Amino acid sequence: MRSVPADAGPAAPRPWHADPVLRLLVTGSLLNGLAFFATLPFLALYLSDISTLSEAGIGLVVGSVALISAVGGAVGGLLTDRLGGTRLIQAGLLVNVVAYAALGLARELTLIVALVCLLGVGRLLTEPAMKKALSLAATGSGDAGSGEAGSGEAVFRIRYVTLCVAATVGPLGGAALYAVANWMIFLTPAVIFTGYLALVTARASLLRGLDRRPDDDSAGVGGSWRLAVRDRLLLRVVAAGLVLFLVFSQFESILPLYIKSVRGESALTYFSLLLVLNAALAIAMQWPATRLARRLSQPRLALLGALAFVAAALLFRGLEVHPLLLFAGVVFWTMGEAVLFPMPDTVIHTITPDARKGAYFGFAELRYLGFFLGPVAGGALLGVSASLYFGLMAVTILGTWLLLRDQRLHGSRPAVTGAEAPAASGPARREPAEGPEPTGPRIPGRGAACERATEAGTTDERRETNEPAETTKTGGPVRTAET
């Protein structure tokens, strides 16, 4: 029997701000968000000023950015795995610089529409690559399952906070420039993306260290795509994200219409206050959300977030009773947002092998179709009945919890840190002392904690005596204590 040193154990995870790669990626996420929110909220106004497009036509042009990046995200993810995230990030940033600079100069409507679509191409190149880089850097910085500052859970929550900050600050700069000249809303993003591209190029050596793939990964790019499409766990995450974004998109698209129908001309004031409150609470709630993530299992956390959205929908419907219910609703809405919004990315970070993170994150961009479909469905339902609209919103968001409650998605089962327990009853089978290989394709359904523990060399040592392994009532082996 082998002895284990008393001081053995996982190294303490490094905080994200102590890792130069994570600092670079988080800074890039903030800059990317600032550029996006300084322009996109005013793009519809700009198109209205310079063209005779209908409201539906303007919505289609503006929505094309999300549509192209969502549908094309899988291509961006596959290219990330093949060419490396550093090249894809640089290519996407270059596309953005060219597109925004050209939008500031272009005056022909056809060219402007083509350049807006090009913004979607820039996003499909950068988003999967940045998420893969964040996931790989977080894995190297700390235990992904620990929930500590360096883990994937914390890193993707930090990324969400940068989006909240950008959504608050970006529109202020965009509004100031739009007041000077409408074309100047494209100036800020062009400058920001140029600076970001220079920063990434200067620190490219740090990012290239993340592009190394395991030598024994034989799936290839085509194989990664096929595995992603057939991975039922990944499909559950994508579906959960689609449902979440379908409901989440209502806040800035259809809810203002409901407020206007009830409060008339004062709707703009009410909604402006809601946006400010939502942005402030979204940042403030990340600390309690992180603490809850450490204390609760992921399925329970998903249920809590879904129930917060349900409460918000019911309180929004009470606007006709008293305006304070609207503000109480945004508190619960932001609580659900803080809990659920980062969860699909953290789950993908947990369940995906490093060599295929690009393909999996890219395929998961399909969930952003919820931002495209949500306003269409919400507008149609609100036109029928406000009660039907909010009732279906409350019911629909529960689908996120139903899809994310599968324990295999979270790697938190203590009994599945070694080999997966067989389902059929019978005598326990003795595993080889070497344990499973540390890398290789992930078997759908296998707990991610098994892969993390194996890669770190912390899987349990098998007993070298002739004693039979302890079994469960169904005959499957359970984890035995080390001696």
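Residues numbered from 1 in each chain as written. Predicted model: local features only at pLDDT ≥ 70, side-chain atom pairs only at ≥ 80, totals over all residues. Heavy atoms only, no water.

You'll find the chain entered in an unreviewed UniProt entry as MFS transporter, with Streptomyces mimosae given as the organism.

## Quick notes on the overall build of the chain
Helix and strand counts for the chain stand at 20 helices and zero strands. Per-residue burial for the chain yields a buried fraction of 48% across its 483 residues. Sequence separation of 24 or more characterises 81% of the internal contacts of the chain that already satisfy a separation of 6 or more. As displayed, the chain has an accessible area near 22,100 Å², and 64% of this comes from carbon and sulfur atoms. (Helix = DSSP H or I, 4+ residues; strand = E, 2+ residues; numbered from the N terminus. Buried < 20%, exposed > 50% of the residue type's maximum accessible area, 1.4 Å probe, protein only. Contact = heavy atoms within 4.5 Å. Areas by Shrake-Rupley, 256 points an atom, 1.4 Å probe, with all protein chains shown as cover.)

## Overview of the pattern of salt bridges
Under the defined criterion, the tally for this structure stands at seven salt bridges. Across the pair Glu127 and Arg159 runs a salt bridge, and its minimum N-O distance is 2.8 Å. One end of the pair, Glu127, is in helix α4 (residues 109-141); the other, Arg159, is in helix α5 (residues 152-180), with 32 residues separating them in the sequence. By the burial criterion, Glu127 is buried, and Arg159 matches it. The partner of Glu320 in a salt bridge is Arg317, with the nearest N and O atoms 2.9 Å apart. Take Glu320: its relative accessible area is 48%, and that puts it in the partly exposed class. Each member of the salt-bridge network shares a partner with another, and the members are Lys131, Asp345, Glu365 and Arg367. (Salt bridge = Lys/Arg side-chain N within 4 Å of Asp/Glu carboxyl O.)

## Quick look at the packing of aromatic side chains
Applying the stated criterion across every chain yields a total of 20 aromatic pairs. An angle of 20° between the planes, with centres 5.7 Å apart, marks the rings of Tyr100 and Phe193 as stacked. On the criterion of sequence distance, the pair formed by Tyr100 in helix α3 (residues 85-105) and Phe193 in helix α6 (residues 187-202) is long-range, its members being 93 residues apart. Comparing Tyr100 with Phe193 shows no difference in burial state: the two are buried. Their ring planes at 65° and their centres at 4.8 Å tell us that Tyr389 and Phe390 sit as a pair that is edge-to-face. The exposure class assigned to Tyr389 is buried, which follows from its relative accessible area of 3%. Residue classification places Phe390 among the buried residues on the basis of a relative accessible area of 2%. An aromatic cluster of three or more residues is present, and its members are Tyr160, Phe245, Phe248, Phe251, Phe271, Phe309, Phe316, Trp333, Phe341, Tyr368 and Phe371. (Phe/Tyr/Trp six-rings, centres within 6.5 Å; stacked < 30°, edge-to-face > 60°.)

## What about the packing of helix α18 (residues 369-384) against helix α19 (residues 386-404)?
Think of two packed helices as two axes; the pair is described by the angle between the axes and how far apart they sit. Across the interface, α18 lies against α19 with an axial gap of 5 Å and an inter-helix angle of 140°. With respect to α19, the axis of α18 lies oblique. Contact residues: Gly378, Leu381, Leu382 and Val384 in α18; Ala386, Leu388, Tyr389 and Leu392 in α19. Along the lines of polarity and charge, the residues of the contact of α18 with α19 split into seven nonpolar, one polar and no charged. (Axes fitted to C-alpha atoms, helices over the stretch in contact; angles between N-to-C directions. Parallel < 35°, antiparallel > 145°, perpendicular 65-115°, else oblique. Nonpolar A, V, L, I, M, F, W, Y, C, P; charged D, E, K, R; others polar.)

## Some points on the packing of helix α1 (residues 20-50) against helix α2 (residues 55-83)
At their nearest, the axes of α1 and α2 sit 10 Å apart, and the two run at 145° to each other. Relative to α2, the crossing made by α1 is right-handed. Residue-level contacts link Leu40, Leu43, Ala44, Leu47 and Ser48 of α1 to Ile58, Val61, Val62 and Val65 of α2. When the residues that make up the contact of α1 with α2 are grouped by side-chain class, the tally is eight nonpolar, one polar and no charged. (Left-handed = near helix turned anticlockwise from the far one by under 90°.)

## Observations concerning a nonpolar patch on the surface
A contiguous nonpolar surface patch, about 190 Å² in accessible area, is contributed by Ile50, Leu53 and Leu109. In this structure, Ile50 sits in helix α1. Ile50 gets classed as partly exposed once you look at its relative accessible area, which sits at 35%. (Patch = residues over 30% accessible without salt bridge, like charges linked within 9 Å, V, L, I, M, F, W, Y side chains within 5 Å.)

## What to know about the side chain of Lys131
Looking at the secondary structure, you find Lys131 in helix α4. Owing to a relative accessible area of 0%, Lys131 belongs among the buried residues under this scheme. Filtering out sequence-adjacent residues up to four positions away, Lys131 remains in contact with Phe156, Arg159, Asp345, Phe361, Glu365, Arg367 and Tyr368.

## Focus: the nonpolar core
Counting residues in hydrophobic clusters, the biggest one holds 112 residues, and the most contacted among them are Phe251, Ile259, Phe316, Trp333, Met343 and Phe390. Residue contributions to this core peak at 13 residues, all from α4. Taken together, domain 1 (17-210 + 223-230) and domain 2 (232-409) each give at least three residues to this core, which thus spans both. In contact with Phe390, not counting residues within four places along its chain, are Leu255, Tyr258, Ala313, Phe316 and Arg317. (Core = buried A, V, L, I, M, F, W, Y, C linked by side-chain atoms within 4.5 Å. Domains from an automatic or database assignment.)

## Overview of the environment of Val95
Along the chain, Val95 turns up in helix α3. Between the C-alpha atom of Val95 and that of Thr126, which follows or precedes it by 31 residues, the distance is 9.9 Å. Excluding residues within four positions of it along the chain, Val95 makes contact with Leu118, Gly122 and Leu125.

## Comments concerning the environment of Arg123
Mapping Arg123 onto the fold places it in helix α4. Put simply, Arg123 and Gly76 are 47 residues apart on the chain and 8.9 Å apart in space, counted from C-alpha to C-alpha. Residues within four places of Arg123 in sequence aside, it is in contact with Asn32, Phe36, Val65, Ser69 and Pro128.

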